[in-house]
Every structure is written in C-alpha cells, then in structure tokens.
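# Report on the structure
So the chains spell out like this:
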Amino acid sequence: MRLKEIIRLLDAVVITNSRDSEAEIEWACATDLMSDVLYYSRGNSVLITGLAKQQAIRTSDIADIKVVVFTRGKEPDTQTIELSRKKKITLLITPYSMFTACGKLYEKGLRCCPE
Amino acid sequence: MKIDKTYEGSFHIVGGDFSHAGEASTELKTILLSAGVEDEFVRRVAIATFEAEMNIMIYATAGILRYTISPEEIRIIAEDMGPGIENIELAMQEGYSTAPDWVREMGWGAGMGLPNMKKNADTFRIDSVVGEGTKVEMIIRR
Ligand SMILES: Nc1ncnc2c1ncn2[C@@H]1O[C@H](COP(=O)(O)OP(=O)(O)OP(=O)(O)O)[C@@H](O)[C@H]1O
Ligand SMILES: [Mg+2]
C-alpha cells in the first residue's frame with residue numbers, strides 16, 4: 001500500500017516524513033510490545049502502536065520499519081519526534097483506536113507481516 | 001570499510017538508563033551497513049544485539065557488549081553485572097517475564113527477548129550466576 005493511502009485512510013497528521021508519499025509499504029504490524037515488533041515484523045512495514053514513545057522509534061529503526069503510526073491521537077514528546085526525524089522514519093498520528101486503524105488498512109488490502 | 005579482516009569493538013551499557021537505550025545496537029548497525037553487508041544479515045544482528053542490550057539496561061547494573069566482525073560472521077558477547085538468572089530454562093520460554101511496571105510502560109516485558117536472540121543467532125549460549133551476572137554469546141553468520 002502506498003504511504004499516501006495509509007495517511008489518507010487513517011486521517012493521519014504527518015509529524016515527520018522524508019519519504020516519497022508514493023512509497024510502497026509492504027506489511028503492517030500492530031502492537032504495544034517492542035519485542036513482538038522485533039520478533040514478528042519484516043522490513044519495509046508500518047508499525048501501528050499505542051506506545052507513543054522513543055522506544056517505538058528506536059525499535060522501528062532496528063527492525064527496518066519505515067512508517068510508525070501512533071493511535072488515538074497520542075502526541076509524542078520532542079525527543080521522540082527528533083529521533084524519528086534523525087532516523088528518517090515517517091511518523092504519523094491517527095485519531096483512531098488501534099482496532100479501527102487496523103481495520104481501515106486491512107479492508108483496503110494491507111496485511112500482517114507473514115511469520 | 002570492506003570486511004576483509006577482523007574488526008573488534010565494545011560498548012558500555014549502564015543499567016536503568018532508558019534515554020540511551022538502543023544506542024549501542026544502533027551504532028553497530030551503522031557500522032555493518034557502512035561495510036556494505038546484506039540488509040537481512042544486518043537486521044538479524046541489530047535485533048539480537050538490541051534485545052541483549054535492553055536486557056542489560058533493564059535487569060543489570062552495568063554491562064559490556066563486545067563484537068567481533070569477520071568476513072563470514074559476527075560474534076557478540078553481552079556480559080553484565082547484575083542479579084543473574086535463577087532458572088534459565090524458564091527465562092528462555094516465550095512469554096516469561098519478570099519485567100516491572102516501569103519497564104512495561106516503555107513497551108518491554110513481552111518475554112520474547114531471549115527467544116528472539118536465539119531465533120536470529122546461528123549459535124546462542126547463555127550462562128548466568130545468581131548474584132553475579134549473565135553472559136550471552138551469539139554467533140550470526142552471513
Ligand atoms: N541480563 C539479565 N539479567 C537478569 N535477568 C535477566 C537478564 N536477561 C533476562 N533476564 C530474565 O529473563 C526474563 C526473560 O527475558 P526476555 O528478554 O526473554 O524477556 P523480557 O525482557 O522479560 O521481555 P522482552 O524482552 O520481551 O521485552 C526476564 O524477565 C528476566 O527475569
Ligand atoms: Mg528482554
């Protein structure tokens with residue numbers, strides 16, 4: 001799914017982005033548990049999480065995740081925003097809950113990282 | 001930097017310091033990427049090292065992360081001064097965690113860290129002495 005499609009479907013606010021909005025994102029991973037991200041995710045995915053903290057960005061950088069979405073309109077602190085900018089991770093905020101955000105993306109064909 | 005010989009290095013990790021958590025693994029990842037090794041290999045190394053780094057940061061007072069990069073593989077040794085692990089078999093189980101609340105609030109404590117290191121490493125070894133510390137040794141081949 002294209003990045004711009006993700007942004008549109010989630011009515012997301014773009015906090016940081018250094019990526020072409022036409023970029024293709026292959027998979028999605030949704031969790032608040034960082035070790036689950038590291039265990040189950042693939043590179044070039046979007047992470048949907050309620051953990052609006054630096055840890056989510058650090059973990060995504062390690063796991064080659066390109067796009068991070070914070071759910072329920074959670075605002076990250078400045079360090080978190082700085083880190084995502086430095087790591088060239090696209091950071092989005094969606095007003096939707098994790099369940100709804102996942103449902104919207106799934107409906108349009110985005111799928112979970114295969115195990 | 002092309003990997004034509006052996007490179008060694010180490011990082012010191014301070015327990016309880018979430019603000020710098022992951023910096024050692026991030027730096028190692030940068031070193032490997034600049035050496036031009038395959039992304040998938042770098043990803044496995046970064047994940048295994050990050051889990052080891054986080055465990056030191058969370059459970060130990062201090063620790064050291066040492067690496068040896070050679071053309072065919074990387075060896076990582078994560079050694080800490082900490083409480084040690086009483087029952088290693090139990091700690092290795094997926095989902096087992098003793099992480100306290102302050103750690104869970106930061107997204108850790110799924111009980112997947114050690115299984116994840118084992119999954120990404122070709123050779124995985126863990127030794128621990130209660131009251132002294134823990135040593136994890138991993139070899140990841142390209
Ligand atoms: N270096 C260590 N020193 C002391 N105890 C440790 C150490 N590493 C792991 N443990 C113990 O083993 C348990 C399991 O570790 P593991 O990394 O698999 O999961 P976790 O750290 O609890 O959660 P996660 O890694 O998924 O965030 C820990 O909860 C802790 O009790
Ligand atoms: Mg752990």
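All values reported here derive from a predicted model rather than from experimental measurement.

### Quick word on the layout of surface pockets
Residue and element names in this part refer to chain B. What the largest pocket holds in volume is close to 570 Å³. Around the largest pocket, the lining is made up of 33 residues, and of these Asn55, Tyr59, Ile85, Ala91 and Leu114 lie nearest the centre. When contributions to the lining of the largest pocket are tallied by element, the ones reaching two or more residues are α2 (39–59), β3 (73–81), α3 (88–91), α5 (113–120) and β5 (133–141). Among the elements that make up the lining of the largest pocket, the one with the highest residue count is α2 (7 residues).

### Examining the packing of helix α3 (residues 54–62) of chain A against α2(B)
Running from amino to carboxyl end, α3(A) crosses α2(B) at an angle of 145°, the nearest separation of the two axes being 9 Å. Of the residues in α2(B), those touching α3(A) at Gln55(A), Arg58(A), Thr59(A) and Ile62(A) are Arg43(B), Ala46(B), Ile47(B), Phe50(B) and Met54(B). Per-class residue counts for the contact of α3(A) with α2(B) are 5 nonpolar, 2 polar and 2 charged.

### Some words on the pairing of strand β4 (residues 67–70) of chain A
Residue and element names in this part refer to chain A. Of the two faces of β4, the one carrying Val67 and Val69 and the one carrying Val68 and Phe70 are both buried. Here strand β3 (residues 45–49) pairs with β4 via 4 bridges, running parallel. Counted as the bridge partner of Ile48 is Val69 from β4. Read from β4 through helix α4 (residues 78–86) to strand β5 (residues 90–93), the crossover connection turns out right-handed.

### Remarks on the site of ligand 1
Near ligand 1, the surroundings consist of 22 residues, among which Tyr59(B), Ser97(B), Thr98(B), Gly109(B) and Met112(B) are the closest. More than one chain lines the surroundings of ligand 1; the residues nearby belong to chains A and B. The separation between an oxygen atom of ligand 1 and a polar side-chain atom of Tyr59(B) is 2.8 Å. Interatomic distance of 2.9 Å between a backbone N/O atom of Gly111(B) and an oxygen atom of ligand 1. About the coverage of ligand 1: the protein hides 96% of its 600 Å² of free accessible area. Placement of ligand 1 is best described as lying within the largest pocket. Grouping the constituent residues of the shell around ligand 1 by class yields 11 nonpolar, 9 polar and 2 charged.

Cut-off values and rules
Residues numbered from 1 in each chain as written. Chains lettered and ligands numbered in written order. Predicted model: local features only at pLDDT ≥ 70, side-chain atom pairs only at ≥ 80, totals over all residues. Heavy atoms only, no water. 1 Å grid on protein atoms, 1.4 Å probe; cavity = no way out; pocket = protein on both sides within 12 Å on 5 of 7 lines; lining within 4 Å. Points joined across faces, edges and corners; volume = space filled by probe spheres on them. Helix = DSSP H or I, 4+ residues; strand = E, 2+ residues; numbered from the N terminus. Axes fitted to C-alpha atoms, helices over the stretch in contact; angles between N-to-C directions. Contact = heavy atoms within 4.5 Å. Nonpolar A, V, L, I, M, F, W, Y, C, P; charged D, E, K, R; others polar. Buried < 20%, exposed > 50% of the residue type's maximum accessible area, 1.4 Å probe, protein only. Pairing = 2+ DSSP bridges. Right-handed = clockwise from strand over helix to strand, strands pointing away. Near = heavy atom within 4 Å. Polar contact = N/O pair within 3.5 Å; in protein donor to acceptor, adjacent residues only side chain to side chain. Areas by Shrake-Rupley, 256 points an atom, 1.4 Å probe, with all protein chains shown as cover. Sits in = over half its atoms within 2 Å of the grid points.

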